[in-house]
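# Fold and geometry: a report
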Amino acid sequence: MLRWCSSAAAFASTLGTTGAGIDGQYARKILRHGRTESNAVVAAQHELFGERLGIYAELTWRKSHADYSAPNRQPSSNILATNRFNPFGRTVTVYWDSTDLPDDQQSSDKQTLRGVLGLKGRLTLGGARTLNWAIDGSTDYNTDLQWQKNSAAGMFNALGQGIYNPFRDFTAVAPMAADEAEKYFTTTWQDVNSRIDALNLRLNGDLLDLWAGTARFSIVAERRRDATLSQQRSGPEGAYVTPSGPRAPGVWVRRYYAGAGGELTIPLLSERQHRPWLHSAEVSLGTRYDAEGDYPHAIPALAAAKLTFLRDFAVRASYAEGFTPPTTNDRTLARVTQPRTGTSLALEDPLRPGQPMPDLVTQVLGGNPGLQPETSTARDLGVVFTPRFVPGLSLNASYFRITKNNLIRSSGQQDFSTTALYFPHYILRDAPTAADTAAGRPGAANTFINIAVNVANVFTDGIDYRLRYDLPKFWWGQLRWDGSYTATKRFDYRITPASAVTSSINAQRGTGFPIVKAKDRKSTRLN
């Protein structure tokens, strides 16, 4: 069997920003754009030796590209009294439009080659009960080239080097050429190469006969080894960066994972026992054992129920717990030291009120070996509509509520103030001067360690919609159209248990990290 799969997705979301301008309050909207493309070719071969044993092989090549862009959400800059551009003799705040700068941009190009070879079979357990089993080995080779450009850094650097004066008459000054402005942007390239070897075992079948039907079970087990090489290169401001530029040295990092899980589905009411108000009902219970690297094992739980009121209409609900260790990049990405200039003109140190940041603050990018795994709980309530009069059509809508603890996020340069307040160990400082000691403040910052950290918790909810339509089969194959739409209602997070809740959806409560309010995805498959 040869299968080609292609999908494309695009999203655009509107986010509100607020600020106090010289002429009073103003509010405006900024737009974020994203685009993804994915293509895959799958070649599979299945050979059966009788009815009880078979062998299968699969080879998959996949390529994807993703782009993302968004205006910078920096609504203001503090211009200190010591700045030579400042004509007022005191610190002033300048509010500027995010469209004054080119959008921040990110892109990613991924390629994957995957091979699978396995055995499968069926056993009879007595009566009509059967046991299906499969065991296979797989190898994945992955490459990922990521590119990121931050224009806000160019703003800071232009201020610091005297290229940009926010108080001058711009009607009499020619705008800076785009190729010249790009010299002041922060551009980072990251190459990630990985290989994943896995051994998988799957069992499923009939467990026992109950009055409402047969209880079914499934068991999965996996042993996996990941090997990843991450290399990062970042351009100092004032210089161009190309993919052939110097790389930070990287080393292969290997991680080992072992996991097993089981699920039991119990029928409560079968179709042949249906009632006038209930056609069928079933519940599922499950759990997993996950152990990865040097992290403690986890045993998250799963529970779900499905009630079919009509043959075409069902209601389902589920509860699940999750456990997600940090990625290899988050923990082990080679660290890069990146000098930064001009930040004293746009940021103040919250632990040194009224004092400018130094003219040179070093930024360190890379992995954080001290990260802890994320844990989560998820609740879902939804409906499923599969009309008999349109064979192959399925409509789904579900409300979800997800809470995550120890969420992994980058401290981010735009959150220097937050980092200084809640993660002070990621801000390295000079020894306090006599004046600092007298004022009871720490020394001036000299290094900002911008790496992934664990924040306290995150809560999000919203509605997922999905439509799938399988066209009738033909001699040349079958087409499937699949579309989904997600509307996020809330995305609230706390940086620490003691900090206030910040919303990334409702900008009136805080700017936070921009979160997509609505996104859609469409794909067409030919099998």
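The notes below deal with the structure included here. (Residues numbered from 1 in each chain as written. Predicted model: local features only at pLDDT ≥ 70, side-chain atom pairs only at ≥ 80, totals over all residues. Heavy atoms only, no water.)

### Thoughts on the overall build of the chain
Filter applied, for reference: Helix and strand assignments come from DSSP, with helices taken as H or I runs of at least 4 residues and strands as E runs of at least 2, each series counted from the N terminus. Burial classes: relative accessible area under 20% of the type maximum marks a residue as buried, over 50% as exposed, and values in between as partly exposed (1.4 Å probe, protein chains only). Any pair of residues with heavy atoms lying within 4.5 Å of one another is described as a contacting pair. Note on areas: Shrake-Rupley with a 1.4 Å probe; residue coverage comes only from the protein chains shown.
Regarding its fold elements, the chain presents 5 helices and 22 strands. Counting all 527 residues of the chain, 40% fall into the buried class. In the chain, once contacts between residues fewer than 6 apart in sequence are set aside, the share between residues at least 24 apart is 69%. Only carbon and sulfur atoms are counted for the fraction: they give 58% of the accessible area of the chain, which is about 28,100 Å².

### A closer look at the pairing of strand β17 (residues 393-410)
Here is the rule we go by: Whether two strands pair depends on DSSP finding at least two bridges between them.
Pairing of strand β16 (residues 374-385) with β17, which is carried by 11 bridges, proceeds in the antiparallel orientation. Of the residues in β17, the one forming a bridge with T377 is T403. Here 17 bridges tie β17 to strand β19 (residues 445-470), and the two strands are oriented antiparallel to one another. Within β19, the position partnered with N405 by the bridge is N457.

### Here we look at the pattern of salt bridges
Pairs can form between side chains of opposite charge whenever their charged atoms are close. As a reminder of what qualifies: Salt bridges are identified by distance alone: a Lys or Arg side-chain nitrogen within 4 Å of an Asp or Glu carboxyl oxygen.
For the coordinates displayed, the defined rule picks out 16 salt bridges. For R216, the salt bridge is made with E282, and the minimal N-O distance between the two is 3.6 Å. Of this pair, R216 sits in strand β9 (residues 213-234) while E282 sits in strand β11 (residues 280-292), placing them 66 residues apart in sequence. Since its relative accessible area comes to 26%, E282 is described here as partly exposed. Across the pair R224 and E222 runs a salt bridge whose closest N-O atoms are separated by 3.2 Å. Overall, E222 belongs to the partly exposed group, its relative accessible area being 24%. Counted as one network, the salt bridges with shared partners bring together R195, D197 and R225.

### Side note on the pairing of strand β20 (residues 479-494)
As paired elements, β19 and β20 share 14 bridges and run antiparallel to each other. Bridge pairing in β20 links Y465 to Y485. The sheet contact formed by β20 and strand β21 (residues 502-503) spans 2 bridges and is antiparallel. Considered in β21, the bridge of Y493 is made with T502.

### Here we look at the side chain of D312
Looking at the secondary structure, you find D312 in the loop between β12 (301-310) and β13 (313-324). On the basis of relative accessible area, D312 is assigned to the buried category, the value being 14%.

### Looking at unusual backbone geometry
Positive phi outside glycine occurs at N406, with the angle close to 60 degrees. Within the secondary structure, N406 sits in strand β17. Judged by its relative accessible area of 32%, N406 falls in the partly exposed class.

### Looking at the packing of aromatic side chains
Defined as follows: Side-chain rings of Phe, Tyr and Trp, where Trp is taken by its six-membered ring, are said to pair if the distance between their centres is within 6.5 Å; with planes under 30 degrees apart they count as stacked, over 60 as edge-to-face, and otherwise as tilted.
Throughout the structure, instances matching the rule amount to 2 aromatic pairs. Each ring, one from F423 and one from Y426, has its centre 6.2 Å from the other, and the planes form 35 degrees; the classification is tilted. No difference in accessibility class separates F423 from Y426, as the two residues are buried. Look at Y465 and Y485: their rings are 6.2 Å apart centre to centre, the planes differ by 40 degrees, and that puts the pair in the tilted class.

### A closer look at the environment of T188
Structurally, T188 is set in strand β8 (residues 186-210). On the basis of relative accessibility, which here comes to 13%, the residue T188 falls in the buried class. Between the C-alpha atoms of T188 and Q146, which are 42 residues apart in sequence, the distance is 8.1 Å.

### Quick word on a nonpolar patch on the surface
Formally: A patch consists of residues whose relative accessible area exceeds 30% and which take part in no salt bridge; residues with like charges are grouped when within 9 Å of each other, and nonpolar side chains (Val, Leu, Ile, Met, Phe, Trp, Tyr) when within 5 Å.
Among the surface-exposed residues, F49, L53, I55, L117, L119, I135, L199 and L201 lie close enough to one another that they form a single nonpolar patch of about 680 Å² accessible area. Every element with two or more residues in the nonpolar patch is listed here: β3 (53-70), β6 (104-126) and β8. By secondary structure assignment, the location of L119 is in strand β6.

### Describing the nonpolar core
Note the threshold: Grouping buried Ala, Val, Leu, Ile, Met, Phe, Trp, Tyr and Cys residues that are joined through side-chain atoms within 4.5 Å yields what is termed a nonpolar core.
Of all hydrophobic cores here, the largest spans 12 residues; its members are V364, L407, F423, Y426, I449, I451, V453, V455, V458, F491, Y493 and I495. Looking at this core, the elements that each hand over two or more residues are β19 and β20. For this core, the leading source of residues is β19, giving 5 residues.

Honestly, that's just the spatial picture; any functional story needs more than this.
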